[in-house]
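Take a look at the letters that make up each chain.
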Amino acid sequence: MKRTGSEILINGLIEEGTDTIFGIPGGSVIAIFDTLFDYSAKIKFYLMRHEQAAAHAADGYSRSTGRVGVCMATSGPGATNLVTGIATAYMDSIPMVAITGQVATKMIGNDAFQEVNTTGITYAVTKHNYLVKDVRDLPRVIKEAFYLAKTGRPGPVLIDIPSDISKAQTEFKKLPEKVNIRGYNPTYEGNIKQIQQAAKMIMEAKKPVIYAGGGVILSGADKELKSLVEKTGIPVTMTLLGLGGFPSLHPLSLEMLGMHGTKYANIAVSDSDLVISIGARFDDRVTGKLDEFAPHAKIIHIDIDPSSIGKSVDVDMPIVGDVKLVLKELLKYVSKCDIKEWVAYVKDIKKKYPLSYTKSEKVIKPQYVLEQLYDLTKGEAIICTEVGQHQMWAAQYYKYARTRQLLSSGGLGTMGYGFPAAIGAAVANPQATVVDIAGDGSIQMNIQELATVSNYQIPVKVVIMNNMYLGMVRQWQQLFFKKRYSFTCLGRHKDCSPICHGPGSHCPDMVPDFEQLAKAYNVKGYTIKNPKDVRGVLKEALAIKGPVIMDFRVDQEENVFPMVPAGQPINKMLEHSVT
Amino acid sequence: MEYTISTLVENHAGVLARLAQLFSARGFNIVSLTVAETDDPTMSRMTIVVEGDEKVMEQVKKQLNKSIDVVKVYDLTGKNPLVRELCILKVKATPTHRSEIIEIVDIYHASIIDVSHQDVTIEATGETSKVLGIIKLLKPYGIKEIVRTGKVALARSLNI
């Protein structure tokens with residue numbers, strides 16, 4: 001039977017298991033949306049208020065489920081607005097398919113209305129992209145796009161569909177059964193000799209440490225990782241994206257390492273004689289000064305992407321393969337390691353240098369809010385974050401027990417990610433409590449999605465750690481730029497003095513008033529200024545069925561510690577303010 | 001150091017742009033790049049000469065392999081590959097110098113492919129050193145225009 005490009009697309013998406021799309025219609029996708037109108041029983045479409053948010057929502061949907069997230073936008077500005085969201089997914093290897101409209105094929109290159117070179121713009125931020133110039137290619141392209149997005153090292157794939165292609169007709173029954181991409185053959189099984197060699201290194205090590213990243217979660221290797229830890233007795237530290245890959249509260253967990261990692265994780269890695277990197281990529285926020293990262297250690301690097309291996313650090317034993325399959329094989333060759341002294345030392349530094357902050361009864365400490373949230377949600381909530389101080393506190397003070405529980409933009413560091421990602425996670429997990437931990441700066445980068453959560457009654461709980469600053473940059477200014485708070489104060493008023501060194505009674509009122517703003521969107525809002533009210537409000541808000549905004553007015557100059565200053569080795573941490 | 005890489009890539013629109021983008025995004029420095037269809041119309045061969053060190057080279061190869069459009073990557077560096085470059089030069093040729101120029105062309109096994117009252121146009125093919133040699137010798141006569149293809153290369157069948 002002859003079908004239009006739009007019908008092929010929607011049926012193809014359904015065939016690939018898509019049940020949810022986030023997006024915004026527009027001129028060049030109008031035919032696709034017309035078709036979508038008839039498929040509401042099979043595909044739930046969420047109308048967002050900005051395309052960037054649509055991409056983040058698809059990302060949140062994907063991160064919280066492991067399925068491929070799908071977003072859709074029109075040509076030109078619709079496509080360019082998606083770019084930040086696509087780049088966010090690309091940096092964190094999140095499987096996503098982005099569908100954009102394009103001007104009609106005969107108009108391409110004409111500087112037509114709402115035309116941009118979408119594939120050209122997105123080369124650098126997609127795993128692959130397609131411009132469909134013949135409707136007969138569409139079934140193959142859809143099949144390939146999903147296959148590429150979710151296999152190998154996952155990532156976003158974009159399909160650009162000109163408006164005449166979505167209207168053109170061709171014979172169509174089903175997508176092709178198989179894909180055949182001759183330039184794409186990811187390696188899944190690790191080389192057995194290298195795995196055996198790695199096992200030998202593990203058994204010979206005196207001070208080994210496992211460094212687990214997002215690959216553990218993407219590959220679904222949490223059980224294998226736990227078996228490896230329990231079989232060998234080796235302590236584990238995780239990257240931001242690796243959190244949840246191993247239970248944070250396990251006795252052998254060292255939690256997060258790196259710039260804002262725990263002191264014990266950073267010391268353990270620095271003192272180790274073997275680093276076993278599993279699905280992580282030695283990001284600069286993890287390693288600090290590269291030359292002094294784990295200076296005494298040999299390095300085993302397990303990763304599905306060969307280009308990640310040897311990119312930053314020289315590796316003693318590379319293993320290219322899927323983390324889950326490699327660990328399964330590795331488990332056959334390892335046993336209990338003879339590392340009693342090392343483990344005792346690690347447990348000792350864990351006790352000696354716990355995460356800590358100065359408690360207060362006068363002012364709300366953001367860490368306290370997170371502790372209360374953790375307690376009230378029994379550690380079971382899906383936590384999304386924006387980017388900045390609150391993100392690091394959320395990584396430190398909420399304890400993750402399972403994979404896909406923390407959704408955070410690690411690689412690109414996208415402010416404005418958390419709220420729409422929480423929308424994606426909430427619609428994909430209707431039974432879960434989904435909380436966006438935000439800053440007052442980040443939340444304003446996609447605040448328009450209040451309309452989306454209000455209209456669809458998506459029960460996202462937004463916790464704003466409101467310090468009236470772009471807090472992380474302010475922290476750097478305080479520590480490294482002589483407290484010159486250049487353009488980081490979000491309360492700054494035209495009447496403020498030109499040089500301001502900090503908050504005080506002279507400060508104007510916070511803009512916006514988030515409680516009032518929530519009200520304008522018909523969303524329940526709270527303003528919390530007293531530490532005594534924190535627990536009560538959280539409890540009340542968590543019991544509400546719909547969306548809620550909580551504006552916690554927190555200690556304005558609270559800093560994230562420990563902190564490794566940029567370019568320093570990770571065992572040289574700042575542990576408190578030097579004001 | 002210069003590295004020579006030969007790749008087979010899908011022959012469709014956008015592949016060159018995608019790979020060129022890959023090089024610029026990673027900060028790799030391209031010395032020359034040539035591309036044309038192979039005997040199989042679905043595939044093109046690209047010869048890329050890159051400047052860098054061993055670490056850069058390893059990333060170049062890995063990143064090329066990672067690209068979905070790249071079917072095969074051959075590193076020809078240090079393997080004594082068959083390398084050719086084509087150069088076309090338009091050289092000022094007054095009657096007094098014309099015979100000298102023809103002599104140089106003969107020595108280099110190059111050929112004259114166009115001629116006028118004021119100049120001759122010469123085609124020179126060979127390894128890069130040969131092309132650079134003829135350019136150097138003809139320069140004093142006045143090179144009006146020049147075009148070079150950059151290297152094309154293939155691996156040798158026998159490694160002797």
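Thresholds applied
- The numbers attached to residues start from 1 for each chain and follow its sequence in the written order.
- Think of it this way: whatever chain is written first is A, whatever ligand is written first is 1, and the rest follow in order.
- Thresholds applied to this predicted model are a pLDDT of at least 70 for local features of residues and 80 or more for the giving and counting of side-chain atom pairs; totals over whole chains, interfaces and linings are not thresholded and use all residues.
- Side-chain metrics in this entry use all non-hydrogen atoms of the structure; hydrogen atoms and water are not considered.
- Stacked, edge-to-face and tilted labels apply to pairs of Phe, Tyr and Trp rings (six-membered ring for Trp) whose centres lie within 6.5 Å, assigned for plane angles under 30 degrees, over 60, and everything in between, in that order.
- What counts as a helix is a DSSP run of H or I of at least four residues, what counts as a strand is a run of E of at least two, and both are numbered from the N terminus.
- In this analysis, two residues are considered to be in contact whenever any of their non-hydrogen atoms come within 4.5 Å of each other.
- Buried area counts how much accessible surface, traced with a 1.4 Å probe, disappears from two parts once they are put together, with both parts' losses summed.
- Salt bridges are defined by distance alone: a side-chain nitrogen of Lys or Arg within 4 Å of a carboxyl oxygen of Asp or Glu.
- Whenever a helix is involved, its axis is fitted only over the stretch in contact; in every case the axis is a line through C-alpha atoms, and angles between N-to-C directions fall within 0 to 180 degrees.
- By definition in this entry, angles of less than 35 degrees are roughly parallel, angles greater than 145 are roughly antiparallel, angles of 65 to 115 are roughly perpendicular, and the rest are oblique.
- For any pair of crossing helices, the crossing counts as left-handed if the nearer helix is rotated counterclockwise from the farther one by less than a right angle, and right-handed if it is rotated clockwise.
- Under this grouping Gly is polar, as are all residues other than the nonpolar Ala, Val, Leu, Ile, Met, Phe, Trp, Tyr, Cys and Pro and the charged Asp, Glu, Lys and Arg.
- Pairs of strands are assigned from DSSP output, requiring at least two bridges between the strands.
- Nonpolar cores were defined as sets of buried Ala, Val, Leu, Ile, Met, Phe, Trp, Tyr and Cys residues, with membership established by side-chain atoms within 4.5 Å.
- Exposed residues in this analysis have more than 50% of their type's maximum accessible area, buried residues have under 20%, and partly exposed residues fall in between, with area computed by a 1.4 Å probe over protein chains only.
- Where each domain starts and ends follows an automatic or database-derived domain assignment.
- Any pair of nitrogen or oxygen atoms within 3.5 Å is treated as a polar contact; in protein, a donor-acceptor pairing is required on top of that, and neighbouring residues in sequence qualify only through side-chain atoms on both sides.
- Each patch is assembled from residues with relative accessible area greater than 30% and no salt bridge, linking like charges that lie within 9 Å and nonpolar side chains (Val, Leu, Ile, Met, Phe, Trp, Tyr) that lie within 5 Å.
- Only the protein chains shown count as cover for residues, and all accessible areas are computed by the Shrake-Rupley method using a 1.4 Å probe.

S.K.: Help me out: how do you make sense of the packing of aromatic side chains in this one?
M.R.: Each aromatic ring pair is specified by the distance between its two centres and by the angle formed by the two planes. Residue and element names in this part refer to chain A. Across all of its chains, the model carries 14 aromatic pairs over all chains by this definition. On the basis of an interplanar angle of 85° and a centroid distance of 5.9 Å, the ring pair of Y147 and Y184 is categorised as edge-to-face. Of this pair, Y147 sits in helix α6 (residues 138-150) while Y184 sits in the loop between β8 (169-171) and α8 (192-204), and the two are 37 residues apart along the sequence. Among the aromatic residues, those joined into a cluster by ring pairs are F22, Y46, Y61 and Y456.

S.K.: Looking at this structure, I do not really get the interface of chain B and chain A. What am I missing?
M.R.: Contact with chain B, which involves 21 residues of that partner, is made by 19 residues of chain A. For the pairing of chain B and chain A, the buried interface totals around 1,600 Å² over both sides, and the portion due to carbon and sulfur atoms is 47%. In terms of surface lost to chain A, no three residues of chain B exceed R18, K55 and I68 of chain B, which account for 41% of the buried area on that side. At the boundary of chain B with chain A, the tally comes to 4 salt bridges.

S.K.: Explanation requested: the packing of helix α1 (residues 5-15) of chain A against α6 of chain A in the structure shown.
M.R.: Between two packed helices, the angle of one axis relative to the other and the distance separating the axes together describe the packing. Residue and element names in this part refer to chain A. Between α1 and α6, whose axes approach to 10 Å, the crossing angle comes to 30°. One way to sum up the angle between α1 and α6 is to call them roughly parallel. Viewed along their axes, α1 and α6 form a crossing whose handedness is right-handed. Contact with α1, carried on its side by G5, I8, L9, G12 and L13, involves L138, P139, I142 and F146 of α6 and no other residues of that element. When its residues are assigned to classes, the contact of α1 with α6 shows 7 nonpolar, 2 polar and no charged.

S.K.: Looking at this structure, I do not really get the sheet that holds strand β7 (residues 156-162) of chain A. What am I missing?
M.R.: Neighbouring strands of a sheet are bound in pairs by backbone hydrogen bonds; such pairs are parallel or else antiparallel. Residue and element names in this part refer to chain A. Within the open sheet, the 6 strands sit side by side as β3-β2-β4-β5-β7-β6. Their pairing is parallel. Where the open sheet ends on each side, the last strands, each with one partner, are β3 (44-47) and β6 (128-131). Along the sheet, successive strands turn relative to each other by an average axial angle of 20°, direction set aside. Taken together, the 4 bridges between strand β2 (residues 20-23) and β3 define a ladder with parallel strand orientation. Directly across from G23, in β3, lies its bridge partner L47. Sheet contacts for α6: β4 (69-73), β5 (96-102), β6 and β7; angle to β7, the most-contacted strand, approximately 160°.

S.K.: What's the story with the nonpolar core in this structure? I'm lost.
M.R.: Side chains that are nonpolar tend, in soluble globular proteins, to be buried together. Residue and element names in this part refer to chain A. Core analysis: the largest hydrophobic core is formed by 94 residues, its most contacted members being I210, I278, I300, I383, M550 and F552. For this core, the domains that each give at least three residues are domain 2 (192-352) and domain 3 (366-553). The contacts of I383, once residues within four sequence positions are left out, are L373, A394, Y398, Y400, Q405, L406, L407, V435 and I437.

S.K.: Looking at this structure, how should I read the sheet that holds strand β14 (residues 317-320) of chain A?
M.R.: Residue and element names in this part refer to chain A. Reading across the sheet, the 6 strands line up as β11-β10-β9-β12-β13-β14 and stay open at both edges, with parallel pairing between neighbours. Where the open sheet ends on each side, the last strands, each with one partner, are β11 (253-256) and β14. With direction set aside, neighbouring strand axes in the sheet form an average angle of 15°. Note: strand β10 (residues 236-238) against β11, 2 bridges, orientation parallel. If you follow V236 over to β11, its bridge partner there is S253. The strands touched by helix α11 (residues 263-271) within the sheet are β9 (208-212), β10, β11 and β12 (274-278), with β11 carrying the most contacts at an inclination of about 110°.

S.K.: Just to check I follow, could you spell out unusual backbone geometry for this structure?
M.R.: A negative phi holds for most residues other than glycine; trans holds for most peptide bonds. Cis rather than trans, the peptide bond between V511 of chain A and P512 of chain A has omega equal to -5°. As for its placement among the helices and strands, P512 of chain A is situated in the loop between α19 (471-480) and α20 (514-520). Although it is not a glycine, F282 of chain A sits at a positive phi angle of roughly 55°. Mapping F282 of chain A onto the fold places it in the loop between β12 and α12 (284-287). Judged by relative accessible area, which is 3%, F282 of chain A ranks as buried. Positive phi is not limited to glycine here, since N80 of chain B has a value of about 50°. Structurally, N80 of chain B is set in the loop between β4 (70-75) and β5 (82-92).

S.K.: Looking at this structure, I do not really get the environment of N129 of chain A. What am I missing?
M.R.: When you line up the elements, N129 of chain A lands in strand β6. Sequence separation between N129 of chain A and I159 of chain A is 30 residues; the distance between their C-alpha atoms is 5.9 Å. Ignoring anything within four residues of it in the chain, the contact list for N129 of chain A reads T119, T122, Y123 and L158 of chain A together with R18 of chain B. Here T119 of chain A takes part through its backbone oxygen, which lies 3.0 Å from a polar atom of the side chain of N129 of chain A.

S.K.: Which parts of the structure should I look at to understand a nonpolar patch on the surface?
M.R.: All names here are of chain B. Taken together, the side chains of I88, I113 and V147 define a hydrophobic patch exposed on the protein surface, amounting to about 230 Å² of accessible area. Here I113 is to be found in strand β6 (residues 111-115). A relative accessible area of 43% places I113 in the partly exposed class.

S.K.: Help me understand the environment of V31 of chain B, please; the structure alone is not making it clear to me.
M.R.: All names here are of chain B. With respect to the element layout, V31 can be found in strand β2 (residues 29-37). Between the alpha carbons of V31 and V49 there is a distance of 5.2 Å; along the sequence they are 18 residues apart. Filtering out sequence-adjacent residues up to four positions away, V31 remains in contact with E2, V49, V50 and E51.

S.K.: I tried to follow the domain arrangement of chain B on my own but got confused; where do I start?
M.R.: Note: interface size is frequently given as the accessible area lost on complex formation between the parts. All names here are of chain B. The assigned domain composition of chain B is domain 1 (2-75) and domain 2 (82-154). Computed over C-alpha atoms, the centres of domain 1 and domain 2 are 29 Å apart. Taken together, the contact pairs 8 residues of domain 1 with 6 residues of domain 2. Across the domain 1/domain 2 interface, buried area totals approximately 520 Å², and carbon plus sulfur atoms make up 57% of it. The three residues of domain 1 that bury the most area against domain 2 are T4, T34 and T47, which together make up 56% of that side's buried surface. The closest approach of N and O atoms between K151 and E2, which form a salt bridge, is 3.7 Å. Counting across the domain 1 and domain 2 interface gives 2 residue pairs in polar contact (both at pLDDT 80 or more). Elements that contribute at least two residues to the side of domain 1 that touches domain 2 include exactly β1 (2-10), β2 and β3 (43-51). Within the side of domain 1 that touches domain 2, the residues separate by chemical class into 1 nonpolar, 5 polar and 2 charged.

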